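Spelled out from the first residue to the last, the chains are:
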Amino acid sequence: MNDSEYGFETQAIRTQLERTQFQEHSVPLYLTSSFVFEDAEDMRASFTEEKERNIYSRFSNPNTTEFVDKICKMEGAEAGYAFATGMAAVYSTFAALLNAGDHIVSAGSVFGSTHALFVNYFPKWNIQTTYFDINKPETIESCIQPNTKILYAESPTNPAIDIIDLELLGAIAKKHNLILIIDNCFATPYIQQPIKFGAHLVIHSATKLIDGQGRVLGGVTVGREDLIREIYLFSRNTGPALSPFNAWVLSKSLETLAVRLDRHCENALKVAEFLESHPNVNTVKYPFLKSHPQYEIAKKQMILGGNIVAFEIKGGIEAGRKFLNNIKLCSLSANLGDTRTIVTHPASTTHSKLSVEERLAVSITDGLVRISVGLETVKDVIADLEQALN
Ligand SMILES: *Cc1c(COP(=O)(O)O)cnc(C)c1O
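Every chain is numbered on its own, with residues counted from 1 as its sequence reads. A pLDDT threshold of at least 70 governs which residues receive local features in this predicted model, and a stricter bar of 80 or more applies before side-chain atom pairs are shown or counted, although totals over entire chains, interfaces and linings include all residues. Side-chain numbers come from the whole structure's heavy atoms, not from hydrogens or water.

The name that an unreviewed UniProt entry assigns to the chain is O-succinylhomoserine sulfhydrylase, with the source organism given as Flavobacterium luteum. UniProt positions are given in the numbering used here, feature names are shortened, and annotations may be inferred rather than shown by experiment. One UniProt comment on the chain, placed under Catalytic activity (unreviewed entry), says "O-succinyl-L-homoserine + hydrogen sulfide = L-homocysteine + succinate".

Time to look at the packing of aromatic side chains. Planes of paired rings set the category: under 30 degrees apart is stacked, over 60 is edge-to-face and the rest tilted, where pairs are Phe, Tyr or Trp rings (Trp by its six-membered ring) whose centres lie within 6.5 Å. A complete count under the given rule lists 15 aromatic pairs for this structure. Aromatic side chains Phe94 and Phe118 sit 5.3 Å apart centroid to centroid with 85° between the ring planes, which places their arrangement in the edge-to-face category. Taken as a pair, Phe94 in helix H4 (residues 86-97) and Phe118 in helix H5 (residues 112-121) lie far apart in primary sequence, 24 residues in all. Burial classes: relative accessible area under 20% of the type maximum marks a residue as buried, over 50% as exposed, and values in between as partly exposed (1.4 Å probe, protein chains only). Relative accessible area serves as the criterion here: at 0%, Phe94 is assigned to the buried category. Chaining the aromatic ring pairs together yields one cluster made of Tyr91, Phe94, Phe118, Phe122, Trp125, Tyr131 and Tyr152. A ring is scored as having a charge over it whenever the NZ atom of a lysine or the CZ atom of an arginine sits within 6 Å of its centre and within 35 degrees of its normal. Arg236 extends its terminal NZ or CZ atom over the ring of Phe59, reaching a point 3.9 Å from the ring centre. Positioned above the aromatic ring of Phe288, the side-chain terminus of Lys299 is 4.3 Å from the ring centre. Helix numbers and strand numbers start at the N terminus; a helix is a DSSP run of H or I with at least 4 residues, a strand a run of E with at least 2.

In the vicinity of the ligand, the contacting residues are Thr85, Gly86, Met87, Phe111, Glu154, Asp183, Cys185, Phe186, Ser205, Thr207, Lys208 and Gly218. Polar contact is defined as a pair of N or O atoms within 3.5 Å, subject to the rule that within protein one atom must be able to donate a hydrogen and the other to accept it, and that residues adjacent in sequence are counted only when both atoms are side-chain atoms. Note that an oxygen atom of the ligand is positioned 2.9 Å from one of the side-chain N or O atoms of Ser205. In this structure, Lys208 approaches the ligand through a side-chain N or O atom, which is 2.7 Å from an oxygen atom. A 1.4 Å probe and the Shrake-Rupley method give the accessible areas. Residues count as covered only by the protein chains that appear here. Burial of the ligand by the surrounding chains reaches 91%, relative to a free accessible area of 380 Å². In these notes, residues near a molecule or strand are those with any non-hydrogen atom within 4 Å of it.

An α-helix turns once per 3.6 residues; consequently, residues spaced three or four apart project the same way. Turning to H5, its buried residues are Thr114, Leu117 and Phe118. Along the axis of H5, the buried positions cluster into a sector of 90°, meaning they face one direction only. Directions drawn from the helix axis to the C-beta atoms are what define this arc.

This next bit is on the packing of H4 against H5. In a packed pair of helices, the relevant descriptors are the angle between the two axes and the axis-to-axis distance. To define axes, lines are fitted to C-alpha atoms, for helices over the stretch in contact only, and angles between the resulting N-to-C directions are given on a 0 to 180 degree scale. Here H4 crosses H5 at 30°, and the two axes come no closer than 10 Å. As judged from the angle between their axes, H4 and H5 are roughly parallel. Seen along the crossing, H4 lies across H5 with a hand that is right-handed. Along its contact with H4, which presents Met87, Val90, Tyr91 and Phe94, the element H5 presents Ser113, Thr114, Leu117 and Phe118. Amino acid classes used here: Ala, Val, Leu, Ile, Met, Phe, Trp, Tyr, Cys and Pro are nonpolar; Asp, Glu, Lys and Arg are charged; the rest, including Gly, are polar. Class assignment for the residues of the contact of H4 with H5 results in 6 nonpolar, 2 polar and no charged. Roughly parallel means an angle under 35 degrees; roughly antiparallel means over 145; roughly perpendicular covers 65 to 115; every other angle is labelled oblique. Crossings are sorted by hand: turned counterclockwise from the far helix by less than a right angle, the near helix makes the crossing left-handed, and turned clockwise it makes it right-handed. Residue contacts are defined here by distance: any two heavy atoms, one from each residue, within 4.5 Å place the two residues in contact.

Attention shifts here to the sheet that holds strand E8 (residues 281-285). Any two strands are treated as partners once DSSP identifies two or more bridges connecting them. Taken together, 4 strands build an open sheet; the order of strands is E8-E9-E11-E10 and the sheet is antiparallel. Looking along the sheet, the strands with just one partner apiece sit at the ends: E8 and strand E10 (342-344). With direction set aside, neighbouring strand axes in the sheet form an average angle of 20°. As paired elements, E10 and strand E11 (residues 368-372) share 3 bridges and run antiparallel to each other. Residue pairing in the sheet places Thr344 in a bridge with Arg370 of E11.

Moving on, we come to a nonpolar patch on the surface. Distance thresholds for patches are 9 Å for like charges and 5 Å for nonpolar side chains (Val, Leu, Ile, Met, Phe, Trp, Tyr), applied to residues having over 30% relative accessible area and no salt bridge. Whenever a carboxyl oxygen of Asp or Glu lies within 4 Å of a side-chain nitrogen of Lys or Arg, that contact is scored as a salt bridge. A cluster of nonpolar residues, Leu29, Leu31 and Phe245, forms a patch on the protein surface that exposes about 280 Å² of accessible area. Its place among the elements puts Phe245 in helix H9 (residues 244-255). On the basis of relative accessible area, Phe245 is assigned to the partly exposed category, the value being 38%.

This is the structure in structure tokens:
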């Protein structure tokens with residue numbers, strides 16, 4: 001059987017480095033900053049890239065290579081590079097590909113620090129971003145300018161859990177010759193593979209569901225080989241590389257990604273259904289609930305609904321704050337995609353400094369609560385939410 005014919009789980013588990021002389025079963029950790037050369041000729045050929053090999057762990061390391069290879073197989077990508085954090089992946093991907101004067105068209109709701117890059121930092125280099133309204137996909141093309149180079153989106157979005165039609169983005173990118181980049185962090189490659197729909201690059205914060213246990217930070221960009229080459233050369237010189245230890249942890253995590261996600265999503269659907277039936281809840285957003293406005297699109301591009309549930313609590317900011325204060329089992333934390341269920345109410349916490357209008361611009365209503373459903377016994381999670389809602 002050809003390697004690429006193996007199923008998702010087999011690829012996640014059996015994609016690994018050659019064994020060393022010790023015949024270890026599990027991939028060892030290569031904590032080494034550099035690698036040695038046989039002689040002058042070996043060193044010369046390595047630096048001119050006539051030879052593909054590890055030179056220095058800022059460029060590559062066996063553990064980061066193993067991690068990247070697995071993500072590439074899972075996403076159907078040609079190549080990739082691993083970063084110390086998800087934001088290092090986002091920043092380096094844009095910085096490597098853009099020139100001063102280039103333009104980005106992005107979905108109107110993106111991760112907070114990505115938004116900060118677009119609004120506070122890229123304009124310093126005369127790189128401007130135009131946001132499209134994710135609920136009006138017919139307006140995307142009108143945002144494109146002659147200098148637009150990148151089309152960017154996350155789906156599902158954070159924190160509102162809207163779904164963006166990846167096939168539509170793929171078609172628009174193709175028609176206008178744009179690089180389509182998708183941050184696939186909320187879905188993971190198990191649930192959604194954007195390259196199938198025309199994405200050229202896929203970014204992950206591996207900190208979230210890929211690690212899945214709230215231990216390490218990491219990021220990765222995978223996709224078309226020529227684009228990854230640019231990103232690799234930029235990163236090799238600027239130094240945002242993933243540490244071998246974190247790569248080793250993340251690579252182990254990938255072996256259980258499918259089983260973890262199956263349970264995460266099963267629990268999340270139960271939590272979403274419970275919330276829909278609760279009198280103190282106005283609306284619930286979960287991609288695989290029939291009531292989700294983009295349910296049909298979610299079904300087209302995702303195999304499961306993910307682990308994040310968003311809902312509108314009745315009573316706005318005050319009710320949200322009270323709800324958080326009454327939570328007992330679940331955690332109030334900034335992370336998501338952990339084994340532990342995490343509850344956030346952005347309007348009274350992370351986004352409390354913004355005006356109502358500024359919050360609405362990033363899809364945060366006063367009553368919006370986001371739950372990252374974990375792997376605890378689901379009835380315990382539901383009981384905690386129920387007593388806090390009551
Ligand atoms: C968390 C997150 C990031 C940033 O990842 P870090 O590992 O925290 O740097 C980027 N995009 C999305 C969608 C995220 O949720």
